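This is what each chain is made of:
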There are 2 protein chains.
Amino acid sequence: MANKMGKQDNNTLDFEVQTMNFHRLLVAVDEDDSTSSIRAFNYAVTTAKAFHLPLAIVTILETADLNIYDSLSPEFLADRRQEVLAKVNQYAQKAVDFGVTEVTPLIGEGKPGNIIVKEIIPDWRPDLLIVGSETKEKSRLFIGSQASYMAQNAACSVIVVRANDQFY
Amino acid sequence: MANKMGKQDNNTLDFEVQTMNFHRLLVAVDEDDSTSSIRAFNYAVTTAKAFHLPLAIVTILETADLNIYDSLSPEFLADRRQEVLAKVNQYAQKAVDFGVTEVTPLIGEGKPGNIIVKEIIPDWRPDLLIVGSETKEKSRLFIGSQASYMAQNAACSVIVVRANDQFY
């Protein structure tokens, strides 16, 4: 924008607006199907379907939740891994049924924010991570306490989806 | 999903996938036009245009940056307010030129995260806040240190847009 003298104003915005969409999505879902996690999933599949984007769905087996006895039991861990895998596969099937054409289920093990930021994102290379903001009462720690960690530390953009918007 | 015996599995996902889009957007832009701020703006106008959504654009005059002398000077503050207003109006014009039909420029004064969470969001009532993740070197504090505060405390969903995705 030029001022009245035809000269450039120092405060003029000198960038050109560009269309900006994301291209590759990762959604984190917790094992407890918390409301915000399901809403994050709904947003992820809606966006992936609308823009024909590849979508990975990740659930993390939170080993910090296990007591020492269980965490040392190979049978217990194998069972838990099967449960987490079954869960993420159900989410993946729901995404496919909804109309997302490229769906990849992923699982990890450890502290969710840490594993997602340091392992899952570098492997899957999304440009947008979608997470819920809260967990159910009495649920495991999953996303709630991890969302701001991921928003700060992820190598990609992050959307934190609220369970319900206060105003709606 | 029923198991082989036709009974419900305890781990079955019992929710129905629903289309989930946002309806009312707020984008925060810093005064320094940092790369992530411009990217956040690009994402905001792209989304607002594509889905025909109302978009508010907010810039905050950061009074914490002012020295005591300036902050006590009515003339200085009046000038700074004019600058911030001129800036947000330029962003608003860019949004209109890009094709967003309902654009509202907003300004605030204080600590950005705090003002946006406690004043701007309750007033404008967006269901999605869009912020950049970083600032230019030597820039004011704006979004960088405030993004995770907003992601944690906003009453709506929050997307933190990176200046550039590490992988692209």
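Here the structure is shown first, and the text comes after it.
Reading the values: rules and limits
- Residues numbered from 1 in each chain as written.
- Chains lettered and ligands numbered in written order.
- Predicted model: local features only at pLDDT ≥ 70, side-chain atom pairs only at ≥ 80, totals over all residues.
- Heavy atoms only, no water.
- Helix = DSSP H or I, 4+ residues; strand = E, 2+ residues; numbered from the N terminus.
- Expected span 1.5 Å × (residues − 1).
- Buried < 20%, exposed > 50% of the residue type's maximum accessible area, 1.4 Å probe, protein only.
- Contact = heavy atoms within 4.5 Å.
- Salt bridge = Lys/Arg side-chain N within 4 Å of Asp/Glu carboxyl O.
- Phe/Tyr/Trp six-rings, centres within 6.5 Å; stacked < 30°, edge-to-face > 60°.
- Lys NZ or Arg CZ within 6 Å of the ring centre and 35° of its normal.
- Right-handed = clockwise from strand over helix to strand, strands pointing away.
- Pairing = 2+ DSSP bridges.
- Least-squares fit on C-alpha atoms with pLDDT ≥ 70 in both.

A. Structural view of helix H3 (residues 74-98) of chain A. Residues and elements named next belong to chain A. In this model, H3 (25 residues) spans 36 Å end to end at C-alpha, consistent with the 36 Å of a helix rising 1.5 Å per residue. The complete set of buried residues in H3 reads Leu 77, Arg 80, Val 84, Lys 87, Val 88, Gln 90, Tyr 91, Ala 92, Lys 94, Ala 95 and Phe 98. Check the buried side of H3 and you find it contacts helix H1 (35-51), strand E2 (55-61), helix H2 (68-71) and strand E3 (103-109). Just downstream of H3, Gly 99 is the residue with a positive phi angle, here 120 degrees.

B. Examining the pattern of salt bridges more closely. Residue and element names in this part refer to chain A. What the rule picks out here adds up to four salt bridges over all chains. With a shortest N-O distance of 2.8 Å, Arg 80 and Glu 83 are connected by a salt bridge. Of this pair, Arg 80 and Glu 83 both sit in helix H3, three residues apart, roughly one helical turn.

C. Summary view of the packing of aromatic side chains. Here the structure, examined in full by the defined rule, presents nine aromatic pairs over all chains. An angle of 40 degrees between the planes, with centres 5.8 Å apart, marks the rings of A:Phe15 and B:Tyr91 as tilted. One end of the pair, A:Phe15, is in the segment before strand E1 (25-28); the other, B:Tyr91, is in helix H3 (residues 74-98), on a second chain. Exposure remark for A:Phe15: the relative accessible area of 12% places this residue in the buried category. For B:Tyr91, a relative accessible area of 0% gives the class buried. Site record: aromatic cluster; members linked through ring pairs are A:Phe15, B:Phe41 and B:Tyr91. Over the aromatic face of A:Phe98 sits the side chain of A:Lys49, whose NZ or CZ is 4.7 Å from the ring centroid. The side chain of B:Arg24 reaches across the aromatic face of B:Trp124, ending 3.8 Å from its centre.

D. Focus on the pairing of E2(A). All names here are of chain A. Counted residue by residue, E2 has seven buried out of seven residues, so it is predominantly covered. Residues Leu 55, Ile 57, Thr 59 and Leu 61 of E2 are buried on one face, and the alternating residues Ala 56, Val 58 and Ile 60, pointing to the opposite face, are buried as well. Running through H1, the crossover from E1 to the neighbouring parallel element E2 is right-handed. One ladder, built from seven bridges, connects E2 with E3; its direction is parallel. When the sheet's bridge partners are listed, Val 58 is paired in E3 with Leu 106.

E. Geometry of the relation of the copies chain B and chain A. In the superposition of chain B on chain A (RMSD 0.0 Å, axial shift 0.0 Å), the rotation amounts to 180 degrees. Here the transformation between the copies is reduced to the relation of a two-fold axis. Using C-alpha coordinates, one finds that chain B approaches the rotation axis most closely at B:Ile159, a distance of 2.0 Å.

F. The pairing of strand E5 (residues 157-161) of chain B, seen in detail. Summarising burial for E5(B): five of the five residues are buried, a large majority. Pairing analysis gives three bridges linking strand E5 (residues 157-161) of chain A to E5(B), with the strands arranged antiparallel. What sits directly across from A:Val160, in E5(B), is B:Val158. The pairing of strand E4 (residues 128-132) of chain B with E5(B) spans five bridges and is parallel. If you follow B:Gly132 over to E5(B), its bridge partner there is B:Val161.

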